[in-house]
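Each chain, written out:
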Amino acid sequence: FTDVNLNSRNTYEVSRRRSAPEHLPHGGTAPAAPAPPQEPVERARRAGIAGAGSSFAEFFTRNFFTKRTKELKPAVQSAPGWKLFGKVPPRENLPKDSKIIQQEYEARTGRMYKPPPPSARRKNIEFEPLSTTALILEDRPANLPAKSVEEALRHRQEYDEMVAEAKKREIKEAHKRKKIMRERFKQEENIASAMVIWVNEILPNWEGMRATRRVRELWWQGLPPSVRGKVWSLAVGNELNITPELYEIFLSRAKERWKSFSETSSENDIEDAVASVADREASLELIKLDISRTFPSLYIFQKGGPYHDLLHSVLGAYTCYRPDVGYVQGMSFIAAVLILNLEEADAFIAFANLLNKPCQLAFFRVDHSMMLKYFAAFEVFFEENLPKLFLHFKSYSLTPDIYLIDWIFTLYSKSLPLDLACRVWDVFCRDGEEFLFRTGLGILRLYEDILLQMDFIHIAQFLTKLPEDITSEKLFSCIAAIQMQNSNKKWAQVFASLMKDNKEGDKNHSPALKS
């Protein structure tokens, strides 16, 4: 214990000198050699006589953060190895040169490393390797056999080929991005210029200009988003003379029915009411189930979303307005597209008038005889425009109802990307129901080569879920190539002739629908 106390006392003195330079002799330099061993003993004895209080007071009141002087470095290096209070001087870990490391390795293992010839070594690296493919140019570690000249040259050639191929891909992708940006800027300029024309020239003179050739051509190119809702409302019209006040009346009625359902009705009561054709208002409960499946990728119509309650209100008000139709799956997509482009009351007015059109009314009321007439008219133009694919479908007994029902029920808003579906709606508002079936033929023409290689199951699956990368340019170019004329008869004439034809053979066009 005494030895340790003395050594620690010696350490304390050295530490105190290091951190308190004001106690050094005049001249600012520390002694060149440590004190002889007798001095610590004598200092310890004097310290015991004087009392430990002053020494510890000095120790705790000294400045721990005083800047260390360079002159004390020899004293630190000569301090004892084990210290109780003092600091062990840091070890100087100087970075070793690669040659020194190699010499130590050769001395330890007894192996000699022969580097490859200078011509095969990598020189003047212009860039850092971005992946592990660049490792083929690196030399092997010293414990592995060195590369031969032929191997190094081969690796260099392979790496150059990979770099060249990567550069080609980057250049190609850069050109593609530039092309997309140019097309986008051009499209934005066209939309901006078209918006000025629609706002300043067409909309103020709607009745006189809507049927002109200039307006129809501008219409085909797509409506600017800022005027889309207004043009849709004008094109669909309001034959039912619905007012915003009437919408509020039926919305209040729908809310009362929802409240009564939540308080008194059980699940069995709801199912019985839904089964009753006389009370289609009971289908209000089905709306809640279907809204969550409307544009799920947008997350705006689901519960808690900004448009959930709005969509719920429009569909509920329509169900009370038209209890003979009620709510049918697919309506939520049509109402959602209208809500995205119109105010609440205007969306309801357009929704009710749109579903009052003959084609939509036939489908949503599930009028089999009318639906069969539409499918028969579609097949007439299908055979006229795409005879090869028509025969392929016939060979598998693949009828139009398998894929057309979903397209017509949602007006393509579920099957196509939303921006493309809105452009289909633009022309649909201009041309009417004919364009819905023309769009279907355009889709079949676009994927004709693929569909000809498929069987019944794969065709049905493909047409039920179309590819997501479909573009408006490709689709509308295929739609433009479809001729809606058969033996000098247009769509309306062909459909009218089918309406007059009451033969039983017409009912066999869609056995799947009949079942």
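Residues numbered from 1 in each chain as written. Predicted model: local features only at pLDDT ≥ 70, side-chain atom pairs only at ≥ 80, totals over all residues. Heavy atoms only, no water.

Taking an unreviewed UniProt entry as the reference, the protein is identified by name as TBC12 protein belonging to Ibidorhyncha struthersii.

1. Examining the packing of helix α9 (residues 225-236) against helix α14 (residues 331-341)
Basically, it comes down to this: In this analysis, axes come from line fits to C-alpha atoms, helices being fitted only over the stretch in contact, and the angle between any two N-to-C directions falls in the range 0 to 180 degrees. Each helix is a run of H or I in the DSSP string that is no shorter than four residues. Each strand is a run of E no shorter than two, and both are numbered from the N terminus. Should an angle lie under 35 degrees it is considered roughly parallel, over 145 roughly antiparallel, and from 65 to 115 roughly perpendicular; all remaining angles are considered oblique. Residues are treated as being in contact if the distance between any of their heavy atoms lies within 4.5 Å. Amino acids outside the nonpolar list (Ala, Val, Leu, Ile, Met, Phe, Trp, Tyr, Cys, Pro) and the charged list (Asp, Glu, Lys, Arg) are all regarded as polar, and Gly is one of them.
Look at α9 against α14: their axes get within 8 Å of each other, and the N-to-C directions meet at 125°. Our classification of the angle between α9 and α14 gives oblique. Across the interface between the two elements, R228, G229 and W232 of α9 pack against V337, L338 and N341 of α14. Of the residues in the contact of α9 with α14, the class split is three nonpolar, two polar and one charged.

2. Quick notes on a nonpolar patch on the surface
Rule in force here: Each patch is built from residues lacking any salt bridge and having more than 30% relative accessible area; the joining distance is 9 Å for like charges and 5 Å for nonpolar side chains (Val, Leu, Ile, Met, Phe, Trp, Tyr). Per-residue accessibility takes into account occlusion by the displayed protein chains alone, with areas from the Shrake-Rupley method and a 1.4 Å probe. Salt bridges are counted wherever a side-chain nitrogen of Lys or Arg sits within 4 Å of a carboxyl oxygen of Asp or Glu.
Together, M195, V196 and V199 give the surface a local cluster of nonpolar side chains, amounting to about 220 Å² of exposed area. Secondary-structure assignment places V199 in helix α6 (residues 149-202).

3. Structural notes on the side chain of R423
Operational definition: Each residue is placed in one exposure class: buried if its accessible area under a 1.4 Å probe, protein chains only, is under 20% of its type's maximum, exposed if it is over 50%, and partly exposed if it falls in between. The charge count includes Lys and Arg as positive and Asp and Glu as negative, but it does not include His or the ends of the chains.
Mapped onto the secondary structure, R423 falls in helix α20 (residues 418-431). For the buried R423, no salt bridge is present, and the opposite-charge side chain at shortest range is E473, 5.2 Å distant. Setting aside its immediate chain neighbours within four residues, R423 contacts W220, Q221, G222, R228, S472 and F476.

4. Describing the pattern of salt bridges
Throughout the structure, instances matching the rule amount to 10 salt bridges. Between R154 and E158 there is a salt bridge whose closest N-O contact spans 3.8 Å. Placement of both R154 and E158 in helix α6 is noted, with a separation of four residues, approximately one turn of the helix. The salt bridge involving R214 is made with E201; its shortest N-O contact spans 2.9 Å. Taken together, the residues R214 in helix α8 (residues 213-220) and E201 in helix α6 connect sequence positions 13 residues apart. Residue classification places R214 among the partly exposed residues on the basis of a relative accessible area of 45%. Classification of E201 by relative accessible area gives partly exposed; the value is 31%. Because the salt bridges share partners, they merge into one network encompassing R216, R430 and D431.

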